[in-house]
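Spelled out, the chains give:
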Amino acid sequence: MSTAILYITNNGLTLAKRLKGLYPDAKILKFKSEAVSEFWNEYRNLIFIMASGIVVRTIAPLIKDKKTDPAVVVIDEVGKFAISLLSGHLGGANKIAEAIADFLGGEAVVTTASDVNNMPPIDLWARENNFVIDDWDILPQVGTRLINSGALRVYTEVEIKIPDEFLKVAEPRFGDVLITNRKDVYLSRPTCNYAAGEQCSTSACRVKSQLYLRPRNLVVGIGCNSGTSEKEIEDAVKKTLEENNLSFSSIHSIATIDIKANEHGLAAFAKRHNFEINAFTPDELNTVQRVEKSEAAFKATGAIGVAEPAAIISSGNDKLLVQKQKIGNVTVAIAEKRSAVSGQQSEKKGKVYIIGTGPGSIEHITPYARNAIRKSDVIVGYDTYLDLIRELINDKEIVSTGMTQEIDRCKKAVELAIEGKTVSVISSGDPGIYAMAGLVFEIIRAIERQSGSAEYPNKNFLPDELSHCSAAALSVEVIPGISALNACAARLGAPLMHDFAVISLSDKLTPWELIEKRITSAAMSDFVTVLYNPKSMGRPEHINKARAIFFKYRSAETPVGIVKGAMREDESVIITNLRDMLNYDIDMQTTVIIGNSQTFTWNNRMITPRGYEKKWSNGVMEQWGLKG
Ligand code: SAH
């Protein structure tokens, strides 16, 4: 049982029952302050529906630390606020509060600084990467540094992908966070002789407190005589680590020979620290070359060695970090596990985000799209659009060619993703509206077809080294953006309140006869009509022809909106009519919206009625004391 919902009043009970929709397994309990201590260790999440004061008083004596305390969330009786009170990050209270607020239509109250500042919390990030935090007391200081400076400097000896808000640094002394299995990264440096306040030239000084995060990447090979005690084994391991400046927290697992896997002392040591034991047969151990061979071990076990070959096989590394140490009845050797990231390089899957960045200004990009851009290694797009989001992509690799080379750009994006990169293909507006999304899919499909299987051929299309790649391995995500029609309609008022048609006047990829046919259909059917690409390059007469068609079916007074550069610095918004529309400047940055027979203008707005006039005629206006 992991969630309990505690209530006091009947309203509280009603809300608790509603929350069952979100947490079907939750237990609903009537609150009694003396009973809470029992629940404290029993449930991972405690949701209190009552005043936060009651909760604070009740749980105060029970709180121990953020590693073990349950998540505590408090909700008011009407479900307006869900407060993440305790264990926001590690315990997950922030997520629970957000889920509840979402479910009840209320608001989550989250006060942990990193969330408020949209920063990745260090503790959660460490846990996700399976790093052990060595000294929890330093965490708040380092967290504050992250929030104040907006960046956290990370020195790492393992290959990891770090969040954008973290900066990788090459030297430990510059780091706020040190990711290493070395106990002390400064140990091998000369000691500093400078008096406090003087400039240190040896870089031996720790200028600020640094947080060690321990990757669990040490495999400890252990051999021991029968009957060796747990304590003797533990002491031997600790001594070996200590002498070699390695951290106990970085132990990933134990490796040994099969007959020792159930040796009492060894099993107890592993169990106490939650270490997995990987045991190998003598034959397996004997496959390892270049280890110290032991006659005694061979006689006793049939293996030429135990600690060293077991550590090597188990770690997947062909070198030892620490050669065999014999300490009393125990032999210890240590190898570093091959980094998961580099080890899996060949399987790394690329990703293509096809992103719409909205009509212009950076505020109109969705946060989701922004994040995807930040997560990308490479940005592919047309220069003019990239300029609009320059501040987001300054540090990225950019692939940008002229407007007419869309196919080249998309192909390049797909190739880079196949190499394993995360690539953002940028379109303005929405990427699926007269933009790049379809093209990217068409290219991927073409590659697959060409090969006749999921394997890429290397003929014509892709470089040789990509021939092994599978199209299926590519993950593609389309991320929507605000299209010109949304932006322009918003600027004009509410012209798209009724059925509308969208037509591009560009005949670059569509024959003009077909475009004309569609304009005629839309005009005949009284659709409000949105015209994209109103002036094709080199074909200025398209908009004139379109207007002529509408003239046949609609009155000269029909409202027409002309919006240029919506949501950009040079935005212009004009409301005119079918008769006068050609008196205004219409170019490639413009969208034209032609109203239907009902569209009207009012206070410099263009409005298409939805059909509420029927409601008005039913007397609603009179009820309000207004004339219809
Ligand atoms: N994918 C884009 C459309 C690309 S086609 C989208 O969803 O918005 C290019 C046409 O879009 C332009 O010729 C113009 O008609 C229209 N357009 C794009 N951005 C615009 C803006 N900020 N204001 C007005 N029209 C715009």
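Residues numbered from 1 in each chain as written. Predicted model: local features only at pLDDT ≥ 70, side-chain atom pairs only at ≥ 80, totals over all residues. Heavy atoms only, no water.

**Digging into the site of the ligand**
- Near the ligand there are 21 residues, and of these Ile433, Ser483, Met588, Thr590 and Thr591 occur at the shortest range.
- Here an oxygen atom of the ligand sits 2.7 Å away from a polar atom, N or O, in the side chain of Ser483.
- In the model, a nitrogen atom of the ligand is placed 3.5 Å from a nitrogen or oxygen of the Arg568 side chain.
- Considering the ligand on its own, with 540 Å² of exposed area, one finds that the protein chains cover 95% of that surface.
- Contributing elements (two or more residues each) for the shell around the ligand: helix 19 (484-492) and strand 27 (590-594).
- Considered class by class, the residues forming the shell around the ligand number 11 nonpolar, 8 polar and 2 charged. (Near = heavy atom within 4 Å. Polar contact = N/O pair within 3.5 Å; in protein donor to acceptor, adjacent residues only side chain to side chain. Areas by Shrake-Rupley, 256 points an atom, 1.4 Å probe, with all protein chains shown as cover. Helix = DSSP H or I, 4+ residues; strand = E, 2+ residues; numbered from the N terminus. Nonpolar A, V, L, I, M, F, W, Y, C, P; charged D, E, K, R; others polar.)

**Here we look at the nonpolar core**
- Core analysis: the largest hydrophobic core is formed by 21 residues, its most contacted members being Val414, Val423 and Val440.
- Mapped by element, the contributors of at least two residues to this core are strand 17 (351-356), strand 18 (378-380), helix 17 (406-418), strand 20 (422-427) and helix 18 (437-451).
- Beyond its immediate chain neighbours, meaning those up to four positions away, Val414 contacts Val440, Ile443, Ile444, Ile447 and Leu474. (Core = buried A, V, L, I, M, F, W, Y, C linked by side-chain atoms within 4.5 Å. Buried < 20%, exposed > 50% of the residue type's maximum accessible area, 1.4 Å probe, protein only. Contact = heavy atoms within 4.5 Å.)

**Details of helix 3 (residues 52-59)**
- For helix 3, every residue scored as buried is listed here: Val55, Thr58 and Ile59. Seen along its axis, helix 3 keeps its buried residues to an arc of 80°; they face one direction. (Arc of directions from axis to C-beta.)

**Some thoughts on the packing of helix 1 (residues 10-19) against helix 4 (residues 93-104)**
- Running from amino to carboxyl end, helix 1 crosses helix 4 at an angle of 100°, the nearest separation of the two axes being 11 Å. Overall, the two elements helix 1 and helix 4 adopt an arrangement that is roughly perpendicular. Two secondary-structure elements touch here, helix 1 through Leu15, Arg18 and Leu19 and helix 4 through Ile100, Phe103 and Leu104. (Axes fitted to C-alpha atoms, helices over the stretch in contact; angles between N-to-C directions. Parallel < 35°, antiparallel > 145°, perpendicular 65-115°, else oblique.)

**Observations concerning the side chain of Asp123**
- With respect to the element layout, Asp123 can be found in helix 6 (residues 122-128).
- Polar side-chain contacts of Asp123 include one of 3.3 Å to the side chain of His89.
- Apart from residues lying up to four places away in sequence, Asp123 is in contact with Lys66, His89, Leu90, Ile133, Trp136 and Leu139.

**Brief notes about the sheet that holds strand 1 (residues 3-7)**
- The strand order across the open sheet built from 6 strands is 2-1-3-4-5-6, with neighbouring strands paired in mixed fashion. Each edge of the sheet is formed by a strand with only one pairing partner; in this case those strands are strand 2 (27-30) and strand 6 (107-109). Adjacent strand axes in the sheet meet at a mean angle of 25° when their direction is disregarded.
- Contacts from helix 1 reach strand 1, strand 2, strand 3 (45-49) and strand 4 (71-75) within the one sheet, and its direction differs from that of strand 3 by about 140°.
- Each of strand 3, strand 4, strand 5 (81-86) and strand 6 is contacted by helix 4, which is oriented at about 30° to strand 4, the strand it contacts most. (Pairing = 2+ DSSP bridges.)

**Looking at the confidence of the model for the protein chain**
- Across the protein chain, pLDDT averages 86, with 88% of residues at or above 70.
- Scored below 50 in pLDDT, residues 452-469 makes 41 contacts in the model with residues more than four places away or belonging to other chains. (pLDDT = per-residue confidence, 0-100.)

**Details of the sheet that holds strand 17**
- The strand order across the open sheet built from 5 strands is 19-18-20-17-21, with neighbouring strands paired in parallel fashion. One side of each edge strand has no neighbouring strand; the edge strands of this open sheet are strand 19 (397-399) and strand 21 (475-479). Taking the axes of each pair of neighbouring strands and ignoring which way they run, one obtains an average angle of 20° across the sheet.
- The sheet contact formed by strand 17 and strand 21 spans 5 bridges and is parallel. Following the sheet pairing, Ile354 is matched in strand 21 by Val478.
- Its contacts with the sheet put helix 14 (residues 367-375) on strand 17, strand 18, strand 20 and strand 21, and the angle it makes with strand 17 is roughly 140°.
- Packed on one face of the sheet, helix 17 meets strand 17, strand 18, strand 19 and strand 20 and runs near 160° to strand 20.

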